[in-house]
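What follows is the residue order along each chain.
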Amino acid sequence: IPKAPPADRRSAARRKNPLPPDFERDSAEFCRQRIGAWTEADARALLGEPKRSRVSFGPDNTENGRILAFADPSGRHHQLEFDFGRGSGRLRTVFVYPWDMTWEDCQRLWGAQVLPAKSNKGRTFYSYANRRLDVLVDADGKVVSLGLY
């Protein structure tokens, strides 16, 4: 998604075990490709113990899954979150928290065919009409998170 991370972020995120080359190249896309297949155990096997977890809720406000947050060992992003469905236990959404990305960057990468919706704290939520991607942008145009599903 965004360009490769600076050397300081990458070296700080290094682990004992090497990461798969596809993960190193684009950690977000690597994880997106595991939607529907990965379980919590698969995520932990690659990324270790999560930094935190929380319950996810459906449209009717009932608990329907669990979200685990991990540091991105590639250094490309600040954090990766995985939403696992309660019934299936399978990965259904990947949330990516970029270090430094703007809404302009997103438009250059993916175009502007979006459905915008105002969110809290002056944020805007953009849902791409032509790809499985949502972007949450703050009032200053900085990307808060990418949702891949």
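Structure report, in brief. (Residues numbered from 1 in each chain as written. Predicted model: local features only at pLDDT ≥ 70, side-chain atom pairs only at ≥ 80, totals over all residues. Heavy atoms only, no water.)

This part is about the side chain of Ser27. For Ser27, the location among the structural elements is in helix α3 (residues 27-32). There is a polar contact of 2.7 Å between the side chain of Ser27 and the side chain of Asp72. When near neighbours in sequence (up to four residues on either side) are disregarded, Ser27 contacts Asp22, Asp72, Ser74, Arg76 and His77. (Helix = DSSP H or I, 4+ residues; strand = E, 2+ residues; numbered from the N terminus. Polar contact = N/O pair within 3.5 Å; in protein donor to acceptor, adjacent residues only side chain to side chain. Contact = heavy atoms within 4.5 Å.)

Right, let's talk about helix α5 (residues 103-110) for a bit. Looking at α5, one finds that the buried residues are Trp103, Cys106 and Trp110. Seen from one end, α5 has its buried residues packed into an arc of 55 degrees, which puts them on one side. Residues of α5 that are exposed and angled more than 90 degrees away from the buried face: Glu104 and Arg108. Against β5 (114-118), β6 (124-128), β7 (133-137) and β8 (143-148) lie the buried residues of α5. Two residues or fewer past α5, Gly111 is found with a positive phi of approximately 85 degrees. (Buried < 20%, exposed > 50% of the residue type's maximum accessible area, 1.4 Å probe, protein only. Arc of directions from axis to C-beta.)

A regular strand carries its side chains on alternate faces of the sheet. For β8, the buried fraction is high: 5 of the 6 residues fall into the buried class. Bridging between strand β4 (residues 91-98) and β8 involves 3 bridges; their strand directions are antiparallel. Within the sheet, the bridge partner assigned to Val94 lies in β8 and is Leu148. Bridge count between β7 and β8: 5 bridges; the pairing is antiparallel. Its bridge partner being in β8, Val135 is matched across the sheet by Leu146. (Pairing = 2+ DSSP bridges.)

Let us look at the environment of Trp103. With respect to the helices and strands, Trp103 occurs in helix α5. For the pair Trp103 and Val135, spaced 32 residues apart in sequence, the C-alpha separation works out to 8.2 Å.

Bringing the packing of aromatic side chains into the picture now. As enumerated under the stated definition, the model contains 8 aromatic pairs in all. Between Trp103 and Tyr128, the ring centres sit 6.2 Å apart and the planes meet at 50 degrees, which makes this aromatic pair tilted. With Trp103 in helix α5 and Tyr128 in strand β6, this pair connects stretches of sequence that are 25 residues apart. Under the relative-accessibility criterion, Trp103 is labelled buried at 12%. Members of the aromatic cluster, connected to one another through ring pairs, are Phe23, Phe30, Trp38, Phe70, Phe82 and Phe84. (Phe/Tyr/Trp six-rings, centres within 6.5 Å; stacked < 30°, edge-to-face > 60°.)

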